[in-house]
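# Working through the structure, step by step
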Amino acid sequence: NRPNRQEFVGLQAILLWALLIFLIFKSSNSFQNEKETGAFELILVTPLTETKLFTARLVAVANYYALPMLMLVACAIIGVYGTLQPEHLTTAINLTSLCASFISAPVCGLYFAMRCRAFLPALLSTAGLAILLPLCIWMAFSGLVWMGAMRVQPPIELALRLQNALQTIWWPAIATMTLYHLIVATIAGRATINMLRTRQFVASAT
């Protein structure tokens, strides 16, 4: 029944949040010990290219949580698209964004680990860009649409049409949210490799 379905989706969201927190902790802490001890400069003079070094560290971070991540994402997708009603777009968007954060969060974590001097700013920046910002953007967008369609007299016709369309057609919003995470991951990944090549990373605070 519907209450059990909602509880299932809520449980998946809680588990996704918990796993994401562990993931951003691990990725944001990457290279911190090497930067503090000075071993990072020695790593950079090894025969490994910057791209291989970045990819190897990204794979190492992902391997910690690969199996539970795949299981939770699969269950969350089933919960969103197999149990929710068409009007529950916000729930679908939030869970989709959390699932897509497993792509952007590790890459952003590595970027901010290189960019920030201390662990806490790297952690907060990663959480903000890869997890919280897309959720806030959707909340602001949906709030403006709702205000335009319901709170304004007479309603804004475009907002009213957009709200009605979003209740029945999910894929543009889902695709846009997923695209956000892919773009963020691509930009952060390229920026991290560029920092490694140019040796412009920030040393850790001592």
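## Things to note about the packing of helix α5 (residues 89–115) against helix α8 (residues 171–198)
- At their nearest, the axes of α5 and α8 sit 8 Å apart, and the two run at 10° to each other. Here α8 runs roughly parallel to α5, going by the angle between their axes.
- In terms of residue class, the contact of α5 with α8 is built from 19 nonpolar, eight polar and one charged.

## Considering the confidence of the model for the protein
- In this model, the protein carries a mean pLDDT of 81, and residues with pLDDT of at least 70 account for 85%.
- Confidence, read as mean pLDDT per element, is least for helix α2 (residues 32–37) in the protein (70) and greatest for α8 (91).

## A closer look at helix α6 (residues 119–151)
- Along α6, the sharpest change in direction is near 50° and occurs at Leu132; proline Pro134 comes one to four residues later.
- Within the span of α6, buried status applies to Ala122, Leu123, Thr126, Ala127, Ala130, Ile131, Pro134, Leu135, Trp138, Val145, Gly148 and Ala149.

## Topic: the packing of aromatic side chains
- Under the counting rule described, the total for this entry stands at three aromatic pairs.
- Measuring from centroid to centroid gives 5.7 Å for Phe25 and Phe119, while their planes differ by 45°, and the two rings are tilted. Highlighted residues: Phe25 in helix α1 (residues 2–28) and Phe119 in helix α6, separated in sequence by 94 residues.
- Plain terms: the ring middles of Trp138 and Phe141 are 5.7 Å apart, the flat faces sit at 40° to each other, and that makes the pair tilted. Residue Trp138 and its partner Phe141 are located together in helix α6, separated by three residues, close to a single helical turn.

## Quick notes on the environment of Leu23
- Along the chain, the position of Leu23 falls in helix α1.
- Sequence separation between Leu23 and Ala62 is 39 residues, and the spatial gap between their C-alpha atoms is 8.0 Å.
- Contact partners of Leu23, with chain neighbours within four places excluded, come to Val61, Tyr65, Phe102, Ala105 and Pro106.

## Here's the deal with the nonpolar core
- One finds Leu16, Leu20, Leu23, Phe40, Phe102, Met114 and Leu196 to be the most contacted residues of the largest nonpolar core, which totals 40 residues.
- Counting residues per element, this core draws most heavily on α5, at 11 residues.
- Look past the residues within four positions of Leu196 in its chain and what remains in contact with it is Phe40, Leu44, Glu50, Leu53, Phe54 and Met114.
- Leu89, Trp138, Ile174 and Met177 belong to the second largest nonpolar core, which has nine residues in total.

## Quick word on a nonpolar patch on the surface
- Where nonpolar side chains cluster on the molecular surface, the patch consists of Ile103, Leu179, Leu182, Ile183 and Ile187 and spans about 450 Å² of accessible area.
- By residue number, the principal contributor to the nonpolar patch is α8, which donates four residues.
- The partly exposed category is assigned to Leu179, whose relative accessible area is 47%.

## Brief notes about the side chain of Ser104
- The residue Ser104 is located in helix α5 in this model.
- Among the residues examined, Ser104 registers a relative accessible area of 1% and is labelled buried.
- Here the side chain of Ser104 touches His181 through a polar contact of 2.9 Å, side chain to side chain.
- With sequence-adjacent residues up to four places away left out, Ser104 is seen in contact with Ala130, His181, Val184 and Ala185.

Each value, and the rule that gives it
Residues numbered from 1 in each chain as written. Predicted model: local features only at pLDDT ≥ 70, side-chain atom pairs only at ≥ 80, totals over all residues. Heavy atoms only, no water. Axes fitted to C-alpha atoms, helices over the stretch in contact; angles between N-to-C directions. Helix = DSSP H or I, 4+ residues; strand = E, 2+ residues; numbered from the N terminus. Parallel < 35°, antiparallel > 145°, perpendicular 65-115°, else oblique. Nonpolar A, V, L, I, M, F, W, Y, C, P; charged D, E, K, R; others polar. pLDDT = per-residue confidence, 0-100. Bend = angle between axes of the 7 residues up to and from the residue. Buried < 20%, exposed > 50% of the residue type's maximum accessible area, 1.4 Å probe, protein only. Phe/Tyr/Trp six-rings, centres within 6.5 Å; stacked < 30°, edge-to-face > 60°. Contact = heavy atoms within 4.5 Å. Core = buried A, V, L, I, M, F, W, Y, C linked by side-chain atoms within 4.5 Å. Patch = residues over 30% accessible without salt bridge, like charges linked within 9 Å, V, L, I, M, F, W, Y side chains within 5 Å. Areas by Shrake-Rupley, 256 points an atom, 1.4 Å probe, with all protein chains shown as cover. Salt bridge = Lys/Arg side-chain N within 4 Å of Asp/Glu carboxyl O. Polar contact = N/O pair within 3.5 Å; in protein donor to acceptor, adjacent residues only side chain to side chain.

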